[in-house]
Amino acid sequence: MTFKRISPAFCAVALVVFSLPSFAQHGAPPADAPAAKPAEPMKNPLPADKSVAQTITVNGKTLHYTATVGTIEINGKDDKPAGEVEYIAYTLDKPAGAADRPVTFAFNGGPGASSVYLNMGAIGPKRVNFGNAGDSPSDPATLVDNQGTWLDFTDLVFVDPIGTGYSRSLVDEDTTKKLFYSPTPDIEYLSLVVWKWLVKNDRLLDKKYLIGESYGGYRGPRITHYLQSQLGVAMNGVVLVSPYLNPDFGDENLSPIPWMTTLPSITAAHLESQGKLDDASMQSVIAYTEGDYVAALIKGNSDPAARDAMIAKVTEMTGLDPQFVKFSGGRLETGAYLREVHRTQGLIGSVYDSNVTGFDPYPYAPSSRANDPMLESIIAPTSTAAADFITHTVGWKVDARYEALSYKVNSMWDRGSDDLRNGAVGDLREAVAADPKLRVLIVHGWNDLSCPFMGSVLTAQQMPVMGDANRVQVHEFPGGHMFYTRPVNQSGLHTLAETMVSTH
């Protein structure tokens, strides 16, 4: 997930080079060279990898698999350990001689989010309830068999970046920021984690896929392209869930695109609240957004009739107070909308799904002072479920707390980098251009305002067709940023991904 409040390199290349097996090619030291100093023992190392046999029943079929909690070591320029990356892998048991299975690597976002959301909310073999209207942080964090798991067609590896889950840096804060909390170094060391896991588990020759959610959707194209062009590992397909692809849509006082991205999601939330949300209705919303709406925005005050007609139409589409829409000029700023839409009930909507609400603890403040209501509700169940599974079910004992969502990592992240401002669309285009068989599946919830689906629709529409036009697809589902937590969406997401894997 991408962190949102309602108010809203060369050294890294060296890290990769000094961590790859090719480092051994430098040859042996001279015979008279002084003996190398033994490496200092790591303080309080994380436990050795631990595995446990598991069984689930999915749609009447019993799956026997192994759950493994393990670590990948990342070395710094001095070839000393700089970080330990913890992961959870699920591998289906198979008889001797059976065909090799695909493997999928999963990353969430934030920055500062662990992979527990995709793991225990979307595609892992077990799931816990969170993120939907009516869910409470104090509900039992009970894991149940996930009927939407992807384990029936691919093995799964969920990676927790440094500072999330149980993954940790072993260097000082300044070095940590340089090695792990900046956009490009983040891509390089996480790509190395994928490489090292494949080598460690003898899986280099298997089909490989990647799924990334939110900021993980920014990571997805960049990791894919970096693996493909620098580390020599090609992904067969990429799934981007509510991706953070284009961080900059232009000056909102001039460009219509920022408002084009939010209007459809706001309208979707209103349609859902009335029980009228369906694909046909949303296609009509998209057509209006790309037609009369954008035309009226561009004309501005030069065409008062078109402006007034647009404001009336936006009011009708969103169900908002006519005066609010009028004073907004039909340009619905996200934070203002989230306070307005449920204000009469004393509630505030979530940027991840405005129909998921919480009580507004500061209703008379001029702007929202509270954290996002969905963020406030999901940390407890996901942290508890993940920690209990890892330490109790698997038995990987560690004296630390599980960081499902680290505000410290998020606050330390380097947001001044051009790599972040430029987004991931360039890497997406180049990865698709370089591999004529690579498949890309972009999936969104209609109601998401943190990473609105319309941004991906516009991005995909502007990409050149490179071979098969179906290689890059965008699909939408009812719900918000974490639409996958709704059971009604499980089979649809499963079918799309399984089709992609069977295609290439």
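Residues numbered from 1 in each chain as written. Predicted model: local features only at pLDDT ≥ 70, side-chain atom pairs only at ≥ 80, totals over all residues. Heavy atoms only, no water.

S.K.: I keep staring at the packing of helix α7 (residues 279-299) against helix α8 (residues 304-318) and nothing clicks. Help me out?
M.R.: Geometrically, a packed helix pair is captured by the angle between its two axes and the distance between the axes. The interhelical angle for the contact between α7 and α8, taken along N-to-C directions, is 150 degrees, at an axis separation of 9 Å. The hand of the α7/α8 crossing is left-handed. Side by side, α7 and α8 meet where V285, Y288, Y293, A296 and L297 of the first sit next to A306, M310, K313, V314 and M317 of the second. Residues of the contact of α7 with α8, tallied by class, amount to nine nonpolar, no polar and one charged. (Axes fitted to C-alpha atoms, helices over the stretch in contact; angles between N-to-C directions. Helix = DSSP H or I, 4+ residues; strand = E, 2+ residues; numbered from the N terminus. Left-handed = near helix turned anticlockwise from the far one by under 90°. Contact = heavy atoms within 4.5 Å. Nonpolar A, V, L, I, M, F, W, Y, C, P; charged D, E, K, R; others polar.)

S.K.: Would you take a moment to explain the nonpolar core for this structure?
M.R.: Formed by 88 residues in total, the largest nonpolar core has its most connected members in Y90, Y117, W150, Y293, V443 and Y484. A per-element tally of this core places α7 first, with eight residues. What Y293 contacts, discounting residues up to four positions off in sequence, is W259, M260, L263, Y288, M310, V314, G330 and R331. Counting 49 residues, the second largest nonpolar core, distinct from the first, contains Y218, A424, V425 and V432. (Core = buried A, V, L, I, M, F, W, Y, C linked by side-chain atoms within 4.5 Å. Buried < 20%, exposed > 50% of the residue type's maximum accessible area, 1.4 Å probe, protein only.)

S.K.: Please explain unusual backbone geometry as it appears in this structure.
M.R.: Apart from glycine, the bulk of residues carry a negative phi angle, and the bulk of peptide bonds sit in the trans form. Put simply, G110 and P111 share a cis peptide bond, and its omega is -10 degrees. Following the sequence through the fold, P111 ends up in the loop between β4 (103-107) and α2 (116-123). Its identity is not glycine, yet N59 carries a phi of approximately 50 degrees, on the positive side. Secondary-structure assignment places N59 in the loop between β1 (50-58) and β2 (61-75). Classification of N59 as exposed rests on a relative accessible area of 64%.

S.K.: Hey, could you run me through the environment of V425 in this one?
M.R.: Turning to its location among the elements, V425 is positioned in helix α14 (residues 425-434). Separated by 180 residues in sequence, V425 and L245 place their C-alpha atoms 6.1 Å apart. In this structure V425 touches L245, N246 and T459, once residues within four positions along its chain are discounted.

S.K.: How should I be thinking about the side chain of D435 in this particular structure?
M.R.: Take D435: it is sitting in the loop between α14 and β13 (439-445). For the buried residue D435, which engages in no salt bridge, the nearest side chain bearing the opposite charge is R471, 5.5 Å off. Sequence-distant contacts of D435, defined by excluding residues within four places in its chain, comprise Q228, M235 and R471. (Lys, Arg positive; Asp, Glu negative; His and termini not counted. Salt bridge = Lys/Arg side-chain N within 4 Å of Asp/Glu carboxyl O.)

S.K.: When you look at the confidence of the model for the chain in this model, what are you seeing that I'm missing?
M.R.: Low-confidence regions, as indicated by low pLDDT, have predicted coordinates that should not be scrutinised in detail. Summing up the model confidence of the chain, the mean pLDDT is 89 and the portion of residues at 70 or higher is 91%. Every residue in residues 5-39 is under pLDDT 50, and counting partners more than four places away or in other chains gives 40 contacts. (pLDDT = per-residue confidence, 0-100.)

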